[in-house]
Amino acid sequence: MDAGRREGRVAATLHHVTAATLHHVTAATLHHVTAATLRHVTAATLRPHSV
């Protein structure tokens, strides 16, 4: 019975690490995309429009 409990703990740890990694990667990607988009929009807005 102890081996089953240990397997459950390993599975839970793996799940936690995987979820945390995925969350971090997703958050970092979202942050990067948002920052790049904002920078692009800001540059386009500030650039004087030639008529």
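All figures in this text were calculated on a predicted structure; none of them were measured in a lab.

A word on the overall build of the chain
Okay, so step 1: Helices and strands together make up the secondary structure of the chain, namely one helix and zero strands.
Okay, so step 2: In terms of overall size, the chain is more extended than a compact globule, its C-alpha atoms giving a radius of gyration of 22 Å where 51 residues would be expected to give roughly 10 Å.
Okay, so step 3: Over its C-alpha atoms, taken along the principal directions, the chain stretches across nearly 75 × 10 × 5 Å.
Okay, so step 4: Sorting the 51 residues of the chain into buried and exposed places 0% on the buried side.

Comments concerning the pattern of salt bridges
Okay, so step 1: If you walk through the whole model with that rule in mind, you get two salt bridges.
Okay, so step 2: A salt bridge links R5 to D2, with the nearest nitrogen and oxygen atoms 3.7 Å apart. One end of the pair, R5, and the other, D2, are both in helix α1 (residues 2-46), three residues apart, so they sit about a helical turn from each other.
Okay, so step 3: By relative accessible area, R5 is classed as exposed at 52%.
Okay, so step 4: On the basis of relative accessibility, which here comes to 47%, the residue D2 falls in the partly exposed class.
Okay, so step 5: A salt bridge links D2 to R6, with the shortest nitrogen-to-oxygen separation between them at 3.8 Å. Remark: R6 and D2 occur in helix α1; sequence separation between them is four residues, near one turn of the helix.

Let's talk about the environment of H16
Okay, so step 1: Secondary-structure assignment places H16 in helix α1.
Okay, so step 2: Along the backbone, H16 and R5 are 11 residues apart, and their C-alpha atoms lie at a distance of 16 Å.

Regarding the environment of T29
Okay, so step 1: Along the chain, T29 turns up in helix α1.
Okay, so step 2: As for T29 and R9, which are separated by 20 residues in sequence, their C-alpha atoms are 30 Å apart.

About the criteria used
- Residues numbered from 1 in each chain as written.
- Predicted model: local features only at pLDDT ≥ 70, side-chain atom pairs only at ≥ 80, totals over all residues.
- Heavy atoms only, no water.
- Helix = DSSP H or I, 4+ residues; strand = E, 2+ residues; numbered from the N terminus.
- Rg over C-alpha atoms; globule rule 2.2 N^0.38 Å.
- Buried < 20%, exposed > 50% of the residue type's maximum accessible area, 1.4 Å probe, protein only.
- Salt bridge = Lys/Arg side-chain N within 4 Å of Asp/Glu carboxyl O.

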